[in-house]
Amino acid sequence: MENAVTYSFENVLAWQKAHAFVLLTYRVTRHFPEDEKFGLSSQFRRAAVSIEANIAEGYKKLSKADKLRFFNISQGSLEECRDYHILSRDLNYLHAGEFEQLHQSIEETSKFLNSYCKAIVNNAAMKDDKL
C-alpha cells in the first residue's frame, strides 16, 4: 500500500511561524506581574492564539474570499500583538532579549502570513497548500 501524503494546516509555514510565536508569547508572559494575569498577559495570549487559529480555520475554506477573510483576521491579530509587544517593553515587562525574540518572531510570522495571502490571491496556495 502506498503512503498517502496528508496535508493539514500544520504544513503551512505561516501557521508554523504563528505557532512558534504563540509558544514564545506564553513563555514570556508567564513572567508578567500577577496583576496583569487578566489584563495585558491575557490579551496578548488571546491575540497570539487568534493568529494561528484563524490560519487553521481558514485553511479548509474552499473559496478564496473565505480563506482571505480568516487570514486577514490573523493579520489583524498579529498587529494587535505588535502593539502589546511594544506596550510590554514600555512597561518594563520584557527583558531586552525577550523583546528582540518577540520582535523577530512577529516579523517572521508577518512575512509568511503576507506571502501566504499573496499566494492565495494569485491562486498558488489554492493548488498547493504547502506554502
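That block above? That's the structure.
Draft legend 1. Structural view of the overall build of the protein chain. Helix and strand content of the protein chain: five helices and zero strands. Secondary structure elements of the protein chain occur, N-terminal to C-terminal, as α-α-α-α-α. Within the protein chain, the proportion of its 131 residues that are buried is 40%. By sequence separation, contacts in the protein chain at least 24 residues apart represent 69% of the contacts at least 6 residues apart. For the protein chain, the computed accessible surface area is about 7,700 Å², with 52% contributed by carbon and sulfur atoms.

Draft legend 2. Layout of the packing of helix α2 (residues 40–59) against helix α3 (residues 64–90). Where α2 contacts α3, the axes come no closer than 8 Å and their chain directions differ by 160°. Taken together, the axis directions place α2 and α3 in an arrangement best described as roughly antiparallel. Like other packed secondary-structure pairs, α2 and α3 cross with a definite hand, here left-handed. A per-class count over the contact of α2 with α3 returns 14 nonpolar, eight polar and three charged.

Draft legend 3. Up close: helix α1 (residues 13–29). Compared with the 24 Å implied by 1.5 Å per residue over 17 residues, the 24 Å span of α1 between its first and last C-alpha is a close match. Buried within α1 are the following residues: Ala 14, Trp 15, Ala 18, Phe 21, Val 22, Leu 24, Thr 25, Val 28 and Thr 29. Packing partners of the buried residues in α1 comprise α2, α3 and α4 (96–121).

Draft legend 4. Structural context of unusual backbone geometry. Not every positive phi belongs to a glycine, and Asn 92 is a case in point at roughly 60°. Locating Asn 92 in the fold gives a position in the loop between α3 and α4. The exposure class assigned to Asn 92 is exposed, which follows from its relative accessible area of 67%.

Draft legend 5. Representation of the environment of Phe 21 in the model. Mapped onto the elements of the fold, Phe 21 is located in helix α1. Looking at Phe 21, the relative accessible area reads 1%, which means it is buried. Each C-alpha atom of the pair Phe 21 and His 103 lies 9.7 Å from the other, and the pair is 82 residues apart in sequence. Each residue touching Phe 21, except ones within four places of it in the same chain, is listed here: Phe 44, Ala 48, Ile 51, Cys 81, Leu 102, Ser 105, Ile 106 and Thr 109.

Draft legend 6. Representation of the packing of aromatic side chains. Taken as a whole, this structure holds five aromatic pairs when the rule is applied. Among the aromatic side chains, those forming a connected cluster through ring pairs are Phe 21, Phe 44 and Tyr 84. Here the guanidinium or amino end of Lys 67 rests over the ring plane of Tyr 59, the centre of that ring lying 5.5 Å away.

Draft legend 7. Structural view of the nonpolar core. Core analysis: the largest hydrophobic core is formed by 30 residues, its most contacted members being Phe 21 and Ile 55. Counting residues per element, the ones that place at least two in this core are α1, α2, α3 and α4. Here this core takes eight residues from α2, the largest share from any one element.

Draft legend 8. Broad picture of the packing of α1 against α2. Two elements in contact, α1 and α2, have axes separated by 9 Å at closest approach and are oriented at 165°. Our classification of the angle between α1 and α2 gives roughly antiparallel. Between α1 and α2 the crossing geometry is left-handed. Contacts between α1 and α2 involve Ala 14, Trp 15, Ala 18, His 19, Phe 21, Val 22, Thr 25, Tyr 26 and Thr 29 from the former and Ser 41, Phe 44, Arg 45, Ala 48, Val 49, Ile 51, Glu 52, Ile 55 and Ala 56 from the latter. Here the residues of the contact of α1 with α2 are counted per class, giving twelve nonpolar, four polar and two charged.

Reading guide: rules and limits
Residues numbered from 1 in each chain as written. Predicted model: local features only at pLDDT ≥ 70, side-chain atom pairs only at ≥ 80, totals over all residues. Heavy atoms only, no water. Helix = DSSP H or I, 4+ residues; strand = E, 2+ residues; numbered from the N terminus. Buried < 20%, exposed > 50% of the residue type's maximum accessible area, 1.4 Å probe, protein only. Contact = heavy atoms within 4.5 Å. Areas by Shrake-Rupley, 256 points an atom, 1.4 Å probe, with all protein chains shown as cover. Axes fitted to C-alpha atoms, helices over the stretch in contact; angles between N-to-C directions. Parallel < 35°, antiparallel > 145°, perpendicular 65-115°, else oblique. Left-handed = near helix turned anticlockwise from the far one by under 90°. Nonpolar A, V, L, I, M, F, W, Y, C, P; charged D, E, K, R; others polar. Expected span 1.5 Å × (residues − 1). Phe/Tyr/Trp six-rings, centres within 6.5 Å; stacked < 30°, edge-to-face > 60°. Lys NZ or Arg CZ within 6 Å of the ring centre and 35° of its normal. Core = buried A, V, L, I, M, F, W, Y, C linked by side-chain atoms within 4.5 Å.

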